[in-house]
Amino acid sequence: MAVPVHEQKVQAVVAPAVPFILRPQPAVDCAKEKCVALTFDDGPGRYTERLLDQLKKENARATFYLLGQNAPLYPQTLRRMVSEGHQLGNHTFDHKSLTALSKAQVSEEVNASAQKIKDIAGFAPDTMRPPYGARNPEVDSLINVPMVLWDVDTLDWKHHDPKQTVKIALDEVSDGSIILMHDIHESSVKAVPQLISKLKHKGYKLVTVNELFSDQDFVGSKTYARRA
Ligand SMILES: [Zn+2]
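What counts, and where the lines are drawn
- Residues numbered from 1 in each chain as written.
- Predicted model: local features only at pLDDT ≥ 70, side-chain atom pairs only at ≥ 80, totals over all residues.
- Buried ≥ 20, exposed ≤ 12 C-beta atoms within 10 Å, placed from the backbone.
- Helix = DSSP H or I, 4+ residues; strand = E, 2+ residues; numbered from the N terminus.
- Arc of directions from axis to C-beta.
- Contact = placed C-beta atoms within 7 Å.
- Axes fitted to C-alpha atoms, helices over the stretch in contact; angles between N-to-C directions.
- Parallel < 35°, antiparallel > 145°, perpendicular 65-115°, else oblique.
- Nonpolar A, V, L, I, M, F, W, Y, C, P; charged D, E, K, R; others polar.
- Pairing = 2+ DSSP bridges.
- Right-handed = clockwise from strand over helix to strand, strands pointing away.

S.K.: Is there a simple way to think about helix H3 (residues 75–83) in this case?
M.R.: Three or four residues apart is the spacing at which side chains of an α-helix point the same way, because the helix has 3.6 residues per turn. Among the residues making up H3, those that are buried are Thr77, Leu78 and Met81. End-on, the buried residues of H3 take up no more than an arc of 100°, which puts them together on one face. Buried residues along H3 sit in contact with helix H2 (48–57), strand E2 (62–66), strand E3 (87–90) and helix H4 (103–121). Just downstream of H3 lies Gly85, where phi reads positive at about 90°.

Given below as structure tokens:
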């Protein structure tokens, strides 16, 4: 989806770069504490602000795998994510399966999204998640940031049931898990308050992906589905 030139100019005016110093430092040591990373894909969308309200209330951090085509629709939401300590990740420009594309197209999908997010947030995402988790050695070789998959799939996009989302997450979570959800669905956002409260009750700290791997080897062209 092309963004009109006049809109890009407006963004440039209202979207000052976020100084690096404002980015939060890891506050949780996942080598000593039970950690879990909540990840939300395919947004931002119309329910993302509500999700940010819930995360703020619970003092929980999350990671958002954003689509480049959606980012310019919610510039304030992206900046709010940054200022409230969440992590921005790259989920490609418009959610194509990268294994079906040429090398040039893979680079375009990833770079166009990174640029859109950088235009708004002030920096490009430092991790990415391939749509559908679809990857192969050729795709891997083109991605110069860590590729973050998941070990707990709530299937929230399929059943649209907050109770089911909470149940699957709690049944499958373990120390170091990465939980996959989608903030473009209202039912997924509705699951979050109870999910966070139950995870906290089980002793989990809710961290960003970078925090989860802050003391580990975490490099480009490699995939990560949970903390080792
Ligand atoms: Zn996705």
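Moving on from the coordinates now.
S.K.: How should I be thinking about the environment of Glu33 in this particular structure?
M.R.: Note on placement: Glu33 falls in the loop between helix H1 (5–14) and strand E1 (35–41). Exposure remark for Glu33: the 12 C-beta atoms within 10 Å place this residue in the exposed category. Taking the C-alpha atoms as reference points, Glu33 and Asp175, separated by 142 residues in sequence, lie 8.5 Å from one another. Contact partners of Glu33, with chain neighbours within four places excluded, come to Val28 and Lys205.

S.K.: Help me out: how do you make sense of unusual backbone geometry in this one?
M.R.: Trans is the prevailing form of peptide bonds, just as negative phi is the prevailing case for residues other than glycine. Following Gly43, the chain continues into Pro44 via a peptide bond in cis, with omega recorded as 0°. If you trace the backbone, Pro44 turns up in the loop between E1 and H2. For Asp42, which is not glycine, the phi torsion reads 80° and is therefore positive. A count of 19 C-beta atoms within 10 Å places Asp42 in the partly exposed class. One non-glycine residue with positive phi stands out, namely His95, at about 65°. Here His95 lies in the loop between E3 and H4. Among the residues examined, His95 registers 17 C-beta atoms within 10 Å and is labelled partly exposed.

S.K.: Whenever I open this one, helix H7 (residues 162–172) confuses me. Can you help?
M.R.: Buried residues of H7: Pro162, Thr165, Val166, Ile168 and Ala169, and no others. Taken down its axis, H7 places every buried residue within 165° of arc, on the same side. Along H7, exposed side chains directed more than 90 degrees from the buried face belong to Lys163 and Asp171. Looking at the buried positions of H7, the neighbouring elements they touch are strand E5 (152–153), helix H6 (156–159), strand E6 (177–182) and helix H8 (186–201).

S.K.: Mind showing me how you'd approach the packing of H3 against H4 here?
M.R.: A pair of packed helices can be characterised by two numbers: the angle between their axes and the separation between those axes. At their nearest, the axes of H3 and H4 sit 9 Å apart, and the two run at 75° to each other. Judged on the interaxial angle alone, H4 and H3 are roughly perpendicular. The segment H3 lies against H4, with Pro75, Leu78, Arg79 and Val82 engaging Ile117, Ile120 and Ala121. In terms of residue class, the contact of H3 with H4 is made up of 6 nonpolar, no polar and 1 charged.

S.K.: I would appreciate a short explanation of the environment of Ala121 in the present structure.
M.R.: You can see Ala121 is positioned in helix H4. For Ala121, a count of 21 C-beta atoms within 10 Å corresponds to the buried category. Taking the C-alpha atoms as reference points, Ala121 and Leu78, separated by 43 residues in sequence, lie 6.4 Å from one another.

S.K.: Where do I start with the pairing of E2 in this structure?
M.R.: Consecutive residues of a regular strand have side chains that alternate between opposite faces of the sheet. With respect to burial, E2 is a largely interior element, 5 of its 5 residues being buried. A two-sided burial pattern is seen for E2, the buried positions comprising Ala62, Phe64 and Leu66 on one face and Thr63 and Tyr65 on the other. Relative to E3, E2 is paired through 4 bridges, and the arrangement is parallel. From the neighbouring strand, Thr63 faces E3, where its bridge partner is Gln87. Handedness of the crossover joining E2 and E3 through H3: right-handed.

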